[in-house]
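# Descriptive analysis of the structure
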Amino acid sequence: MLDSRDRILAAAAESFLLLGFRESRMANIAKEAEVSRAWLYRQFPTKETLLLALNDRVIDDARSVGLQLLKDTCSPALRLRNWLRWSLQSPWRQHAVRVVTMEDYQSSLLADEGATLEIIQDTASALKRVIRAGVKNG
């Protein structure tokens with residue numbers, strides 16, 4: 001079961017993806033997350049702060065779980081399988097990653113552009129190492 005903050009981020013990711021950032025409404029996000037609008041606004045005063053929090057969560061998850069799966073000591077095939085399973089198992093993660101990597105949102109995320117670019121590069125490098133190890137091991 002997701003806590004209220006995670007429910008908000010999941011609802012925001014889905015709303016931003018399906019309706020777009022401009023058309024998404026905080027009231028609808030609160031309703032979908034099953035929290036009061038007052039609580040939502042205390043946590044996230046604006047949609048922009050909500051989008052930035054979503055981006056931060058994607059980065060934190062990728063760094064704390066995704067990269068660790070790719071750096072595991074098991075076989076390259078199992079590392080790749082575990083990373084893909086983790087990446088695709090959660091609909092909210094799929095929505096969130098799509099939202100924060102869409103060009104339409106990048107101007108809103110410029111304050112955190114460095115962190116976003118860094119995790120993308122780190123993940124790409126880790127994937128390359130896993131694939132090279134897999135090719136080398138047959």
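Rules used in this analysis
- Residues numbered from 1 in each chain as written.
- Predicted model: local features only at pLDDT ≥ 70, side-chain atom pairs only at ≥ 80, totals over all residues.
- Heavy atoms only, no water.
- Core = buried A, V, L, I, M, F, W, Y, C linked by side-chain atoms within 4.5 Å.
- Buried < 20%, exposed > 50% of the residue type's maximum accessible area, 1.4 Å probe, protein only.
- Helix = DSSP H or I, 4+ residues; strand = E, 2+ residues; numbered from the N terminus.
- pLDDT = per-residue confidence, 0-100.
- Axes fitted to C-alpha atoms, helices over the stretch in contact; angles between N-to-C directions.
- Parallel < 35°, antiparallel > 145°, perpendicular 65-115°, else oblique.
- Left-handed = near helix turned anticlockwise from the far one by under 90°.
- Contact = heavy atoms within 4.5 Å.
- Nonpolar A, V, L, I, M, F, W, Y, C, P; charged D, E, K, R; others polar.
- Salt bridge = Lys/Arg side-chain N within 4 Å of Asp/Glu carboxyl O.
- Phe/Tyr/Trp six-rings, centres within 6.5 Å; stacked < 30°, edge-to-face > 60°.
- Lys NZ or Arg CZ within 6 Å of the ring centre and 35° of its normal.

### Section: the nonpolar core
Counting 24 residues, the largest nonpolar core has Ile8, Phe16, Phe44, Leu50 and Leu54 as the members making the most contacts within it. At the level of secondary structure, the elements contributing two or more residues to this core comprise α1 (4-19), α2 (26-33), α4 (47-71) and α6 (91-101). Ranked by the residues each element gives to this core, the list is headed by α1, at 7 residues.

### What about the confidence of the model for the chain?
When pLDDT is averaged along the chain, the result is 86; 90% of the residues meet or exceed 70. When mean pLDDT is compared element by element in the chain, α2 scores highest at 96, while helix α7 (residues 103-106) scores lowest at 60.

### What about the packing of α1 against α6?
Relative to each other, α1 and α6 sit at 55°, their axes nearing to 8 Å. Regarding the angle of α1 to α6, the classification is oblique. Read as a crossing pair, α1 and α6 show a hand that is left-handed. Judged by residue contacts, Leu9, Ala10, Ala13, Glu14, Phe16 and Leu17 of α1 engage Trp92, His95, Ala96, Arg98 and Val99 from α6. In terms of residue class, the contact of α1 with α6 is made up of 8 nonpolar, 1 polar and 2 charged.

### As for the pattern of salt bridges
Side-chain pairs of opposite charge can arise where the charged atoms are in close proximity. Scanning the entire structure with this criterion turns up 3 salt bridges. Residue Glu118 is joined to Arg63 by a salt bridge in which the shortest nitrogen-to-oxygen separation is 3.3 Å. Pair noted here: Glu118 is in helix α8 (residues 113-136) and Arg63 is in helix α4, with a separation of 55 residues, a long-range link. With a relative accessible area of 31%, Arg63 lands in the partly exposed category. With its nearest N and O atoms 3.1 Å apart, the salt bridge here joins Arg63 to Asp122.

### Description of unusual backbone geometry
Even without being a glycine, Glu34 presents a positive backbone phi close to 60°. Relative to the assigned elements, Glu34 resides in the loop between α2 and α3 (37-43).

### Notes on the packing of aromatic side chains
Evaluation of the coordinates by the stated rule reveals 1 aromatic pair. Across from the ring centre of Phe21, 4.9 Å away, lies the NZ or CZ of Lys47, which sits over that ring.

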